[in-house]
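# Chains, contacts and geometry: an overview
As a plain string of letters, each chain reads:
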Amino acid sequence: MPALPSTVPSLPSALSFRGRIGRDASSGYHAVPRRYRLHLSPSCPHCLRIAITHRLLGLEETLPVALMPTVPDGPDGGHSALRPLYEASSHLHPGPAAAPVLSDDWTGRIVSTHTPDILRDMARHFGCDRPERPDRSDRPALYPHGTEAEIAAVEHLCEYRIDEAAQHAGQVGADAGVRRTALSSLLRALDTLEGRLALQDFILGDEMTAADVQLWVTLVQLDTVHRQHLDAAAVHRIADHPHLWAYARRLAAHPAFGPHLDLDGIARRHHAQCQGLEAAGAAVQILDWVVHITERAAQPSQERPDGFMEPQYALHLRPSGSA
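Just so it is clear, the model here is predicted, and its values are computed rather than measured.

### Details of the packing of helix H5 (residues 176-197) against helix H7 (residues 232-239)
- Packing of H5 against H7 brings their axes to within 10 Å, and their N-to-C directions diverge by 15°. Relative to H7, H5 is oriented roughly parallel. Note that H5 runs across H7; the crossing there is right-handed. In this structure, H5 contributes Leu183, Leu186, Leu187 and Leu190 to the contact, and H7 contributes Ala234, Arg237 and Ile238.
- Here the residues of the contact of H5 with H7 are counted per class, giving six nonpolar, no polar and one charged.

What follows is the structure in structure tokens.
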């Protein structure tokens, strides 16, 4: 598929910080509670993934979070509040001071701006993926042993065959054949996911993993952002994946997912950055996210240790007639 400008443009390329949290002091960044800080703007999909993971792992007291404005306020598309951190970490930093950021309070510098690394370090060095903490049955192991390749495959599918394909399918002025090819690629990816979720609760099986966080955020973007630039027929075809959207609805009711979803913020960020035109698909909402986020709070159910509602009230993924 030829490379095309994105309907939702990215920020200008910036220096990526790739420090890692290590198991001991020799790594340079030892895993010490409250030493590090996350700087997040949940209207950003990368930040949303980190915020959900942070809540799933119960790191509220271990890893503080500083919230950034919904729409970056810097003239270069970055956050002015993050500029001192960037300047301290890279003299005369050439790009925008963008979120997400994992910073080190001890040195006043940035550890990482790379979302996959931040997510893995949170789970492996602060969460229950640590080998010395197998007893944390109340928290999910988001990167179980032996699943790294599968999780990476889901991340690749979400980034290229859903996000990027949806952008190309809605690209104003693009060749009609290119748009059709992109939409076909997107629908094939959704078909693959639909087939899995017809048989199991989560994308890799019966337990939640980091792949589910990635996929849920991707589906949020598909329905709240990319849909705005697709025609109505395309959106109806996207919506025709009942198990996939039931899964998205179910996760929206989980306390680690729904409460972080800033729908107004996503809309304002999109309109501030978007260079494309609205299409007929903007009128075809796939999920009423507000209803499903508040649905959990309105039901008199007892919460299970994993955060979901008890089965008699839960939003099941499988059809009622299945086993």
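Following the structure, the description resumes.
### Things to note about helix H1 (residues 45-56)
- Compared with the 16 Å implied by 1.5 Å per residue over 12 residues, the 17 Å span of H1 between its first and last C-alpha is a close match.
- Within H1, nine of the 12 residues are buried, which leaves the element mostly enclosed by the surrounding structure.
- Those residues of H1 lying buried are Cys47, Leu48, Arg49, Ile50, Ala51, Ile52, Thr53, His54 and Leu56.
- Taken together, the buried residues of H1 touch strand E1 (36-40), strand E2 (65-67), helix H3 (115-125), helix H4 (148-169) and helix H6 (210-224).

### Regarding the pattern of salt bridges
- Throughout the structure, instances matching the rule amount to 14 salt bridges.
- Where Arg18 meets Asp117, a salt bridge forms, and the shortest distance between an N and an O atom there is 2.7 Å. Here Arg18 is found in the segment before E1, whereas its partner Asp117 is found in helix H3, with 99 residues between them in sequence.
- Using a relative accessible area of 7% as the deciding quantity, one classes Asp117 as buried.
- Between Arg124 and Glu148 there is a salt bridge, and its shortest N-O distance comes to 2.7 Å. One end of the pair, Arg124, is in helix H3; the other, Glu148, is in helix H4, with 24 residues separating them in the sequence.

### A short note on the nonpolar core
- Ranked by internal contacts, the top residues of the largest apolar core, which has 81 residues, are Trp216 and Trp245.
- When residues of this core are assigned to their parent elements, the largest contribution, nine residues, is made by H6.
- What Trp216 contacts, discounting residues up to four positions off in sequence, is Leu48, Ile52, Ala248, Leu251, Ala252, Phe257, Gly258, Leu261 and Trp289.

### Concerning the environment of Ile151
- Tracing the backbone shows Ile151 in helix H4.
- Sequence spacing of Ile151 and Asp212 is 61 residues, and the spatial spacing of their C-alpha atoms is 8.9 Å.
- Contact partners of Ile151, with chain neighbours within four places excluded, come to Arg120, Leu142, Tyr143, Leu204, Thr209, Ala210 and Ala211.

### Regarding the packing of H1 against H6
- It is the contact of H1 with H6, at a shortest axis distance of 10 Å, that shows an interaxial angle of 140°. Put simply, H1 runs oblique to H6. Both H1 and H6 take part in a crossing whose hand is right-handed. Across the interface between the two elements, Pro45, Leu48, Arg49, Ile52, Thr53 and Leu56 of H1 pack against Val213, Gln214, Trp216, Val217 and Gln221 of H6.
- Here the contact of H1 with H6 is composed, by residue class, of seven nonpolar, three polar and one charged.

### Digging into the sheet that holds strand E3 (residues 101-104)
- Across the sheet, which stays open at both edges, the four strands sit in the order E2-E1-E3-E4 with mixed pairing between neighbours. Taken across any chain shown, the strands that pair with only one partner, and hence form the sheet edges, are E2 and strand E4 (109-112). Averaged over all pairs of adjacent strands, the angle between their axes in this sheet comes to 35°, without regard to strand direction.

### Some details on the confidence of the model for the protein chain
- Scored by pLDDT, the protein chain comes out at a mean of 84, with 80% of its residues at no less than 70.
- Confidence drops under a pLDDT of 50 for residues 1-13, and excluding neighbours within four residues, the segment shows 33 contacts in the predicted structure.
- Contacts of residues 307-323 to residues separated by more than four positions or lying in other chains number 41 contacts, the stretch itself having pLDDT below 50.

Reading the values: the criteria
Residues numbered from 1 in each chain as written. Predicted model: local features only at pLDDT ≥ 70, side-chain atom pairs only at ≥ 80, totals over all residues. Heavy atoms only, no water. Axes fitted to C-alpha atoms, helices over the stretch in contact; angles between N-to-C directions. Helix = DSSP H or I, 4+ residues; strand = E, 2+ residues; numbered from the N terminus. Parallel < 35°, antiparallel > 145°, perpendicular 65-115°, else oblique. Left-handed = near helix turned anticlockwise from the far one by under 90°. Contact = heavy atoms within 4.5 Å. Nonpolar A, V, L, I, M, F, W, Y, C, P; charged D, E, K, R; others polar. Expected span 1.5 Å × (residues − 1). Buried < 20%, exposed > 50% of the residue type's maximum accessible area, 1.4 Å probe, protein only. Salt bridge = Lys/Arg side-chain N within 4 Å of Asp/Glu carboxyl O. Core = buried A, V, L, I, M, F, W, Y, C linked by side-chain atoms within 4.5 Å. Pairing = 2+ DSSP bridges. pLDDT = per-residue confidence, 0-100.

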